[in-house]
Amino acid sequence: MRNIVAGNWKSNKLMNEAQDFTDAFLMHLNDMNGTTEVVIAPPAPFLGQLAQSKGKRLTWAAQQCSAHGAGAFTGEFTAEMIHSAGAGAVLIGHSERREFFGETDDVVRMKVEQAVNAGLEVFLCCGESLEQRESGKPETVVCAQLEHAVAGLDSAEGLVVAYEPIWAIGTGRTATAEQAQAMHAAIRSWWSNRFSKAAAAALPILYGGSCKPSNAAELFSQPDVNGGLIGGASLQVADFLELVRISDELAQGE
Ligand code: PGA
């Protein structure tokens, strides 16, 4: 099984800070031995430059992409553009996109299709609100999000799922390892019905939401948790490296 630690920088850092982070991070990463795949999603204006910095297990990603192809869509950047700038992946459906930028399930579906067609790996984000969790059926909410998002696809090739409970993002409040495991198992089982047993067994499912060095080992060691999508703790070189190290160590013991 693949293990992935992905950083989502959101709207943080300036170009020089992003380059400094990359130089320091890669110097250490290239000295480490491990099998965890590392992904960084910087702000889009930095992608073309940063993607010239190569790490042996590093993939650059965008934080979103256009729901459309090339054409008269001022301000949008297409999945193909992201690919041509040197990125290999894109986050789609992050709860901040859904909440602040009006991304509906339909828009998420269109973006997923654009990204898959452009050859980008898709980190499909899903997660329930606190209200939805307290209503007692968070798995139903999350699987319905996934169902919409993959409605146009015949194959699960090139998809990674990131489960990020909205109440845990940037709040310092993490899902317990039991809550994360239960949701990840539900996602894998849904995936098996929707695609195939083999696709479900191969699907990396990442946890996101206030994941940091102090709680990562417990979360990453759950059987259906294959790494993390990290916001705040991906902004500091030491923290992000430590998360990769924790994942490497657990993978070695698998
Ligand atoms: P956080 O963000 O780690 O700062 O909670 C995670 C995310 O939104 O991807």
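It should be noted that the structure appears before, not after, this text.
First, a word on scope: everything that follows refers to the structure included in this document. (Residues numbered from 1 in each chain as written. Predicted model: local features only at pLDDT ≥ 70, side-chain atom pairs only at ≥ 80, totals over all residues. Heavy atoms only, no water.)

1. Side note on the nonpolar core
Ranked by size, the top nonpolar core spans 68 residues in total, and within it F25, V112, I187, W191, Y207 and F240 carry the most contacts. It is helix α11 (residues 237-252) that contributes the most residues to this core, six residues altogether. Not counting chain neighbours up to four residues away, the residues in contact with V112 comprise I92, V122, L124, A149, L153 and L159. One finds V39, A41, L91 and C125 within the second-largest nonpolar core, a separate group that totals 13 residues. (Core = buried A, V, L, I, M, F, W, Y, C linked by side-chain atoms within 4.5 Å. Buried < 20%, exposed > 50% of the residue type's maximum accessible area, 1.4 Å probe, protein only. Helix = DSSP H or I, 4+ residues; strand = E, 2+ residues; numbered from the N terminus. Contact = heavy atoms within 4.5 Å.)

2. Considerations on helix α8 (residues 177-194)
An ideal rise of 1.5 Å per residue puts 26 Å on 18 residues; α8 measures up with 25 Å between its terminal C-alpha atoms. Restricting attention to buried positions, one finds in α8 the residues A177, A180, Q181, M183, H184, I187, R188, W190 and W191. (Expected span 1.5 Å × (residues − 1).)

3. Comments concerning the site of the ligand
For the ligand, the set of nearby residues contains 13 residues, the closest of which are K10, H94, E164, G170 and S210. In the environment of the ligand, an oxygen atom lies 2.7 Å from a nitrogen or oxygen atom belonging to the side chain of H94. Taking G231, its main chain carries an N or O atom lying 2.9 Å from an oxygen atom of the ligand. A molecule is said to occupy a pocket when more than half its atoms come within 2 Å of that pocket's grid points, and by this definition the ligand occupies the second largest pocket. Looking at the shell around the ligand residue by residue, the class counts come to four nonpolar, seven polar and two charged. (Near = heavy atom within 4 Å. Polar contact = N/O pair within 3.5 Å; in protein donor to acceptor, adjacent residues only side chain to side chain. 1 Å grid on protein atoms, 1.4 Å probe; cavity = no way out; pocket = protein on both sides within 12 Å on 5 of 7 lines; lining within 4 Å. Sits in = over half its atoms within 2 Å of the grid points. Nonpolar A, V, L, I, M, F, W, Y, C, P; charged D, E, K, R; others polar.)

4. Examining the pattern of salt bridges
Overall, the coordinates contain 13 salt bridges when judged by the stated rule. The shortest N-O distance in the salt bridge between R245 and E242 comes to 2.8 Å. Residue R245 and its partner E242 are located together in helix α11, separated by three residues, close to a single helical turn. According to the relative accessible area criterion, R245 is partly exposed, its value standing at 34%. (Salt bridge = Lys/Arg side-chain N within 4 Å of Asp/Glu carboxyl O.)

5. What to know about the packing of aromatic side chains
Each aromatic ring pair is specified by the distance between its two centres and by the angle formed by the two planes. Following the criterion strictly, the structure yields six aromatic pairs and no others. Feature note: the residues W9, F21, F25 and F240 constitute an aromatic cluster, connected by ring pairs. Above the ring of W9, the side-chain terminus of K13 is found at 5.2 Å from the ring centroid. A cation over an aromatic ring shows up here: R194 above the ring of F195, its NZ or CZ 4.6 Å from the ring centre. (Phe/Tyr/Trp six-rings, centres within 6.5 Å; stacked < 30°, edge-to-face > 60°. Lys NZ or Arg CZ within 6 Å of the ring centre and 35° of its normal.)

6. A word on the layout of surface pockets
Space inside the largest pocket adds up to approximately 340 Å³. As for the largest pocket, its lining consists of 16 residues, of which K10, S11, Q63, R97 and F101 are closest to the centre. Take the lining of the largest pocket: its biggest share by element is three residues, from helix α4 (residues 95-100). Considering only residue class, the lining of the largest pocket consists of eight nonpolar, five polar and three charged. (Points joined across faces, edges and corners; volume = space filled by probe spheres on them.)

7. Points about the environment of S192
Examined against the element boundaries, S192 turns out to sit in helix α8. On the basis of relative accessibility, which here comes to 22%, the residue S192 falls in the partly exposed class. Sequence separation between S192 and Q63 is 129 residues; the distance between their C-alpha atoms is 27 Å. If we skip the residues at most four places from it in the chain, S192 touches K197 and A200.

8. Observations concerning the sheet that holds strand β1 (residues 4-8)
Here we have eight strands rolled up into a closed barrel, ordered β1-β2-β3-β4-β5-β6-β7-β8, and parallel in their pairing. When strand polarity is set aside, the average angle formed by the axes of neighbouring strands in this sheet is 25 degrees. Across two bridges, the pairing between strand β7 (residues 205-208) and strand β8 (residues 227-230) is parallel. The partner of Y207 across the bridge, within β8, is G228. (Pairing = 2+ DSSP bridges. Axes fitted to C-alpha atoms, helices over the stretch in contact; angles between N-to-C directions.)

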